[in-house]
Amino acid sequence: MSKKIQLVYLCCALWFFAMATGNAQQSNSQIPNKLIQPEYLKAGDTVAIVAPSGILKNREEEVQDAVTLLESWGLHAKVGDHVFSQDNHFAGTDAQRAADFQKALDDPTISAIWCAQGGYGSVRIVDKLDYTKFKQHPKWLIGYSDITGLHNQFHNLGYESIHAMMCISLKKDVSEIQETIASFKKAIFGEPLSYTLKGSSYNRTGKAVGPLVGGNLTLLHTMLGSETSIDVSGDILFIEEIGEYKYHIDRMLQSLKRAGYFENCKGVLVGDMSKLRKNTTLWGTSIEQLILDALSDYDFPIAFHMPAGHEKDNRAMIFGRTIEMTVTKEGTTVVFRQ
C-alpha cells in the first residue's frame, strides 16, 4: 500500500472519530446543567389527571377525591377522557393512554399532569409522545412507581418533575397520609422542602450535594441502554421498590453497576423497599446490607429510611432539583435548594 493511500485512510479514520466524538458530546450536552423548573401552581391553575399505566378498576371514588382535594386548594381539574377505560391490564389502549397524556402536554392551560395510578404501562407510550408544545408551556409531571419512565424522559429533556403521591393514594380516612398530602401541596406550590430521616446503623456517612434523580429501581433498570435511561453522573440517586425478591434487587443493582451507572454518582438515597418476597433459598442478609454490598466499590454516602415509595407515608421530592444530603448513623437531613 502506498504512503498516499495510507494517508487517505488515516484522514478518513480521524474524521469518523471526530464525528463520533462530536455526536456523543452533542448528545450529552442536550441536558442542561440546571434543569428548567415549570412554574409553581397558584390558585386558579388547572391540573390534568391522566392514567398512563395500569387499569383503574373501581377507582372512581379516589379520582373524585383527588379532584375535590385540588379544588380545596383553589385549583381546577381536568380528568382525561380515557382514565377509566379498560384494555386488559391497562387503563385503555396504548393509543388512548398516549392521547390523554399528549392532550395534557399540548394544552397551554394545564399547569401540572397528575398521574392517577402507576402499575405498568408507561414504557409502552413514552416513545409515542411529542414534547414540542410542552416545551413552549412546561408543566409539572407528578407521580411515582411506573411513572419513573416518564420522569426519566422529562429529565433527559431538561425539566424538573415531582415524585409524589397519586390519586389512588387517597382513601376515605386520610389521617394516615396527612404528611404525604402536606408535602405534595408544598411541592406543587413551591414551598420549601426538607426532611429529617430516622437513623440507621447501615447508613454510610458523609455529605453530598447534587441534583436528585431516580425512582423505581425496576423502571431504572428497564430503561437501561435506551434513550430514556438517565446519566446519574454528579447526581444523587433515589431508589425504591415493591414486591421483588432480594436476589432480583441485587441483580438489578449489579446490572446498573456493570453498565457504569454509579461511577460518578454523588450519593444514594434509599426509599421504601416494600413487600419484599421470600425466595425458597433465603438471601441471608437484610435489604440494607444487600444494597451496601452491591455498592461497596464506591465511597459516596448512602442514606436509608427516606419515606417515599409504596407506603402510606410517601413524601414529595423534586427530581432534577439540587439537594444537600447529610448522612450520619443517627439520622439524615435532606434539604431541597430553592
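Please refer to the structure higher up on the page.
The paragraphs below set out a description of the structure included in this document. (Residues numbered from 1 in each chain as written. Predicted model: local features only at pLDDT ≥ 70, side-chain atom pairs only at ≥ 80, totals over all residues. Heavy atoms only, no water.)

## Observations regarding the sheet that holds strand β7 (residues 206-216)
No. 1: One open sheet holds the seven strands; their spatial order is β6-β13-β12-β7-β8-β9-β10, and the pairing between them is mixed. The open sheet terminates on both sides in strands that have one partner only, identified here as β6 (194-198) and β10 (302-303).
No. 2: One ladder, built from five bridges, connects β7 with strand β8 (residues 236-242); its direction is parallel. Looking across to β8, one finds that V213 is bridged to L237. (Pairing = 2+ DSSP bridges. Helix = DSSP H or I, 4+ residues; strand = E, 2+ residues; numbered from the N terminus.)

## Side note on helix α3 (residues 94-106)
No. 1: End to end, α3 covers 18 Å across 13 residues, agreeing with the expected 18 Å (1.5 Å per residue, within 8%).
No. 2: Those residues of α3 lying buried are D94, R97, A98, D100, F101, Q102, A104 and L105.
No. 3: Buried-residue contacts for α3 involve β1 (46-50), β3 (110-115), α4 (132-136), β4 (140-143) and α5 (148-157). (Expected span 1.5 Å × (residues − 1). Buried < 20%, exposed > 50% of the residue type's maximum accessible area, 1.4 Å probe, protein only. Contact = heavy atoms within 4.5 Å.)

## Looking at α5
No. 1: In terms of residue burial, α5 counts as a mostly covered element, since nine of its ten residues are buried.
No. 2: Buried within α5 are the following residues: T148, G149, L150, H151, N152, Q153, F154, H155 and N156.
No. 3: A positive backbone phi angle near 100° is found at G158, which sits one or two residues after α5.

## Looking at the sheet that holds β3
No. 1: In space, the six strands of this open sheet follow the order β2-β1-β3-β4-β5-β11, with mixed pairing throughout. In the strand order of this sheet, the two ends are held by β2 (76-79) and β11 (317-319), each with one partner. The sheet shows a mean angle of 25° between the axes of neighbouring strands, direction not considered.
No. 2: The pairing of strand β5 (residues 161-163) with β11 spans three bridges and is classified as antiparallel. Counterpart to H163 in the pairing with β11 is M317.
No. 3: Contacts from helix α2 (residues 60-72) reach β1, β2 and β3 within the one sheet, and its direction differs from that of β1 by about 170°. (Axes fitted to C-alpha atoms, helices over the stretch in contact; angles between N-to-C directions.)

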